[in-house]
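What the coordinates show
Given next are the chains, with one letter for each unit.
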Amino acid sequence: MRCNMYPTIFGLYEPSSIYDTLDFLDNGNAKIIAGGQSLIPMLKLRVIQPKFLVDLNKLRGDLDYIEDRGKSIGLGSLATHAKISTDQIVKSKIPLLSVTASKVGDMQVRNLGTLGGSVSNADPSADYPAVLLAYDATLTLISSGGERKVKASEFFKGPFSTELKDNEILREVEFPVLEGYAYKYEKIVRRAGDFAMVGIAVLAKVSDKVEDLRIAYTGVGEKAYRPYELEKELVGKKVTRDDLEKFAEKVSATLTPPSDSRGSSSYRKKVAKIATIKTLSEVLGVVS
Amino acid sequence: MKYSGRSIKRLYDDKFVTGRSSYVDDLQVSAMHAGFVRSPYAHAKIKSIDTSEALKSPGIVAVFTYKDFSPLLKRGIGIWETYEDPKQWKFVARKALADNKVRFVGEPVAIVIGSDKYSVRDAVDKVNVDYERLPSAVSMEDALKDKVIIHEELGTNVGFDSTFSGGDVEGSFKQADKIISVEITNNRLIPSPMEPRGIIASYESGTLNVWYSTQVPHAARSEFSKVLGIPSSKIRVIMPDVGGAFGSKVNIMPEDLSVVLSSIKLGRPVKWVATRSEEMLASEARHNTFKGEVAVKSDGTVLGIKGDLLVDLGSYLTYTAPLQPAIIPLMIPSAYRIRSASIRSRAIYTNTPPITMYRGASRPEATFIIERIMSTVADELKLDDVEVREKNLVKPDEVPYTNVFGLKYDSGDYISLLRSGVNKLGYYDMRKYAEEERKKGRKVGVGMAFYLEISGFGPWEYGEVRVDENGDVIVITGGTPHGQGTETAIAQLVSDALQVDISRIRIVWGDTEIVASSMGTYGSRTISAAGSAAQVAASQVLEKMKKVAARIMKVDVEEVEYREGEFINKKDERVKVSWDDVAKAGYTGTDPGIYAQVTLQGDVTFPYGVHVALVEVDDYGIVRVKEYKAYDDIGNVINPALAEGQIMGGTVQAVGQAIYEEAIINDDGGLAVTYADYFIPTPVEVPQITSFFAEKPHVSAYPVGSKGVGEAALIVGPAAIVRAIENAVNKPINKTPVRPEDLI
């Protein structure tokens, strides 16, 4: 039993450019801090004991951009949840991200926490990973060796584990602009501000039938999950309530959510099923 | 202008709302910092402790273990003998640190002292304790088997075993039309004050000074004295601003004692402020189960109750834990005319963090048990909730009423309050609304619950009033307000008694060298007990002032009347002398000085009321308490805004207890939650709260006539909320908290 509150000793480096940052990271044993909303508790709990923290806050001006590129929107990794949730470009072009950002944590968390911080931390119950999967977003990772681009489906590896190497930082997340898509982020929490017990991100293009469907889950396993194969079963169809129930049942059966104080595994599966039916009914316009 | 009965703005809040208050951690004392090495096991033998590496750590001055402290101890930490009888208990007084065994995960084994808390924290990891794990008894069921004995000296894990009986129980069960079985549980909670506990101790030339986040400075002084063998006269306990306590800071912790002992051994000040995770271990609460049977007539009359109450103690008997198993049974009959009952109450040691008292201590449990019984009776007999209660409530002409266990209720008209409360709160309209909404497919429910609680708790409280030569007033109270705002209500009472402006009154408390004696603030007692003592002291001071005025006016004291700042010659009203002049004269001539000290005796008193909750359960089984309404007879209400504040605070914690908060203990005996998932309600979870107080209250025997309101909503709230959930989902529930997965 450890009664924690006080981190181990660490050095603090405040780089003046991203290149400084990358050079410093090459030395190893450093952790990036931006909003610190997950990192500070982990330091206090001594879950992580880095030798150095690299504070990116001075780079905020360069890295919190939201850029309209026509067919896509690029978001710098230091954009805060608050900024994302109130930005007009995000609201009109990638609205699923906008509503999701408004549901991250509580107001204090949203004011400090960043897109890049949350995505890099890869908490299995975090909100963004499901949205990134639904959009099939592209992540730009940068190191002193150069840049590489990774798809969201390849980026998230497991609980708190991603494609990022120790000397890399997440520079940007790029979201395709999907015209004419209905969307919803359903987040089920026991108490305001908590992590999702189950979160469902849906993007769908619907005419008289479902033309495209992207549904991704968080909180239901080791990482965000998108049932690509099952999605196809609903595409090209005029979906009925019965189809949804079967779909939800099948999805729920593939999930292996954890049991914890928020809810047991079997309860979470039930919730995922109910939430799937509810969310898809709404987004696909299925009358029950 | 009379202050009592009005919502006077709280007097000393500026510092709190501007962040300038001084809690223990804010005090600038040049102290060493303490940290604790804690047990990772629920039950283990300590084979050896190696402190050598820790002592080499930078900034560390000492590491102490049980062996270092035991020569300084006259005995361990006892129990609260004002209210608790040690003869009824099997217990081993807890020492400052674990002796040869650890008995719960988190038990302090060694104290590390150093120059700053970071060095101390690093050194804590360097103390090597060699443990030999023992089988543990984490649940009450396991502990009851006595296969694993937690305190060998006791030979059993049962610390308390007493059967409370009255009336002809067997007879009443024979007469019954129906016998209904019940099982009712309140799971473990954590009080969670915003300020964690903290202490600074300084020992110099035989005198011990302690700055302590406590609600009972005098009780703490007395206990430190008994444990250390230092006379009380040489111990000073100062209570700085305290950021919440909820009863948990009556408890005296082994950590506190270890800090005091370290300061004695080192001859220098030592400080410890608990981290959040330490605070979660420091005081846990509730955790009990009642299994029983209820004998009823088919018209809903409850003839008798019998059953077994099991109360978890955790691994040690704390200063305040004995209250619960002793008071829960006594209060189970509540305001109902139940003439036979037999309840066996047992308190069990388990290898879990020790239990302390928490807001309501015993009355929330008793109320939840009896209100679940009443609601279950209503369901079983297809009767209305209000009807069943009305049928069983003690009639007004039977009050004062002695319950089946001999407890005497002082005053009240329970039936009238129930009727007017149900009307005023719109209970039946709410029920109808809920029913209509359910027809539309929403899971909306409304529930009510009634309570009678015991508060005040005697045996006495201290009040002192001083009028200085400028006519300004200092009130020294034995009450120890720590957020409630009772100091404002006391100022109102004294203002009225002395008919001086409230701005001339200063209320002082919480220092054993300023306050001659005190019980403190707990048990909803402060206005009744401390307010009355201050009021009586004020009236004595006024008598002294009249004597001085008589001397100035050269008349007999009987001829002096005091009205709004002026002492008047009754025979010739043109002759008068002002308050300020009398105050000045009070420090000249013969018999100088204007003060009065009062130690006012008091007794228990019994507030009561009816509360109603409206909830909605969503598709995922997640409950939202949307409305909460209270109608209470708390005797005279001195400051309605303060009283309403107590109802609001109690309601928020009731919402927590009913649906969110659960101190889950894992199979290994460890606390499985942190504040990330021990869900204290946020403002989003707080319902719309409406509070009414009875227009014609039934007063207590205390001079101010109030009864107490500090715990009411947490006492009855869980029962009302759980009943509302049952109404919403049409499914029986008999525990707190109700988890979403219980409902779908």
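Report follows, based on the coordinates. Numbers given for residues are sequential positions, taken from 1 along each chain in its written order. Key to labels: chains lettered from A, ligands numbered from 1, both in the order written. Whole-chain, interface and lining totals are the exception, using all residues; otherwise, since this is a predicted model, local features are given only for residues with pLDDT of at least 70 and side-chain atom pairs are given and counted only at 80 or more. In computing side-chain properties, one takes all heavy atoms of the structure into account and sets aside hydrogens as well as water.

**Thoughts on the overall build of chain A**
Only runs of H or I of at least four residues qualify as helices and only runs of E of at least two qualify as strands under DSSP, and these elements are numbered from the N terminus. Secondary structure assignment for chain A yields 13 helices and 13 strands. Overall, chain A is about 60 × 50 × 30 Å in size when its C-alpha atoms are taken along their principal axes. Only protein chains enter the accessibility calculation, which uses a 1.4 Å probe; a residue is then buried when its area is under 20% of its type maximum, exposed when over 50%, and partly exposed in between. Here chain A, with 288 residues, has 56% of them falling under the buried criterion. In this description, contact between two residues means that some pair of their heavy atoms is separated by no more than 4.5 Å. Intrachain contacts of chain A at a sequence separation of at least 6 include 63% that bridge at least 24 residues. Methods summary: accessible areas were calculated by the Shrake-Rupley approach with a probe of 1.4 Å, and residue burial reflects only the protein chains presented. Of the roughly 12,200 Å² of accessible surface on chain A, a fraction of 51% belongs to carbon and sulfur atoms. His is not counted, nor are the chain ends; Lys and Arg add positive charge and Asp and Glu add negative charge. Every charge is mapped to an atom, namely NZ of Lys, CZ of Arg, CG of Asp or CD of Glu. Where the 41 positive side-chain charges of chain A centre and where its 37 negative ones centre are 5 Å apart.

**Details of the environment of B:Val610**
Residue and element names in this part refer to chain B. With respect to the helices and strands, the residue Val610 is situated in strand 26 (residues 608–617). Judged by its relative accessible area of 0%, Val610 falls in the buried class. When the C-alpha atoms of Val610 and Ala720 are compared, they prove to be 8.9 Å apart, with 110 residues separating the residues in sequence. Other than its neighbours up to four places away in sequence, Val610 contacts Leu417, Leu418, Gly421, Val422, Leu425, Met448, Ala449, Phe450, Tyr451, Lys629, Ala630 and Tyr631.

**Focus: the nonpolar core**
Residue and element names in this part refer to chain B. Phe224 and Ile721 are the most contacted members of the largest nonpolar core, which has 162 residues in total. Considering every element that reaches this core, the biggest residue donor is helix 19 (residues 712–729), with 13 residues. For Ile721, the residues in contact, after removing those within four places along its chain, are Ala613, Val615, Val625, Tyr628, Ala654, Val655, Ala658 and Ile659. The nonpolar core is taken to be a set of buried Ala, Val, Leu, Ile, Met, Phe, Trp, Tyr and Cys residues, with the residues joined through side-chain atoms within 4.5 Å.

**Examining helix 15 (residues 486–498) of chain B**
Residues and elements named next belong to chain B. The span one expects for a helix is its residue count, reduced by one, times 1.5 Å. The end-to-end C-alpha separation of helix 15 is 18 Å, in line with the 18 Å expected for 13 residues at 1.5 Å each. For helix 15, a buried count of 12 out of 13 residues is recorded, marking the element as mostly surrounded by other parts of the structure. For helix 15, the set of buried residues is Thr486, Glu487, Thr488, Ala489, Ile490, Ala491, Gln492, Leu493, Val494, Ser495, Asp496 and Leu498. The first or second residue beyond helix 15 is Gln499, which carries a positive phi of 50 degrees.

**Observations regarding the interface of chain A and chain B**
If you look at the interface, chain A gives 28 residues, while chain B gives 36 residues. Taken together, both faces of the contact between chain A and chain B bury some 2,900 Å²; the carbon and sulfur share is 57%. Salt bridge, as applied in this entry: a Lys or Arg side-chain nitrogen positioned within 4 Å of an Asp or Glu carboxyl oxygen. On inspection of chain A and its partner chain B, the count reaches three salt bridges. Think of a polar contact as two N or O atoms within 3.5 Å of one another; within protein, one of them needs to be a possible hydrogen donor and the other a possible acceptor, and neighboring residues in sequence only count if both atoms come from side chains. Counting across the interface, chain A meets chain B through 11 residue pairs in polar contact (both at pLDDT 80 or more). At the level of elements, strand 11 (182–188) and helix 13 (265–284) of chain A are the ones that each hand at least two residues to the side of chain A that touches chain B. By buried area we mean the combined loss of accessible area, with a 1.4 Å probe, across both parts when two parts are placed together.

**Here we look at the packing of aromatic side chains**
Within 6.5 Å between ring centres, the rings of Phe, Tyr and Trp (the latter by its six-membered ring) count as paired, and their orientation is classed by plane angle as stacked under 30 degrees, edge-to-face over 60, tilted in between. For the coordinates displayed, the defined rule picks out 30 aromatic pairs over all chains. Here the aromatic rings of A:Tyr217 and A:Tyr225 are separated by 6.3 Å at their centres, their planes lie at 40 degrees, and the arrangement is tilted. When its relative accessible area of 0% is taken as the criterion, A:Tyr217 is described as buried. Here the aromatic residues B:Trp80, B:Tyr83, B:Tyr319, B:Phe457 and B:Tyr522 are joined through ring pairs into a cluster of three or more. Consider the ring centre and the ring normal. A charge sits over the ring if Lys NZ or Arg CZ is within 6 Å of that centre and within 35 degrees of that normal. Lying across the ring of B:Tyr12, B:Arg506 places its NZ or CZ 4.4 Å from the centre.

**Regarding the sheet that holds strand 11 (residues 235–238) of chain B**
All names here are of chain B. Pairing is mixed in the open sheet, where seven strands are placed in the order 3-5-1-12-9-10-11. Two strands bound the open sheet, and with one partner strand each, they are strand 3 (60–65) and strand 11. Sheet twist, expressed as the mean angle between neighbouring strand axes with direction ignored, is 20 degrees. One requirement defines pairing of two strands: DSSP has to find at least two bridges between them. Bridge analysis of strand 9 (residues 198–204) against strand 12 (residues 270–273) gives four bridges, and the strand direction is antiparallel. If you follow Ile200 over to strand 12, its bridge partner there is Lys271. Lines are fitted to the C-alpha atoms to define the axes, a helix being fitted only along its stretch in contact, and any angle between axes, read from their N-to-C directions, falls within 0 to 180 degrees. The strands touched by helix 7 (residues 217–228) are strand 9, strand 10 (207–212) and strand 11; relative to strand 11, the strand with the most contacts, the crossing angle is about 145 degrees. Taken strand by strand, helix 8 (residues 254–266) contacts strand 1 (32–38), strand 3, strand 5 (108–114), strand 9, strand 10 and strand 12, and its axis lies near 25 degrees from that of strand 9.

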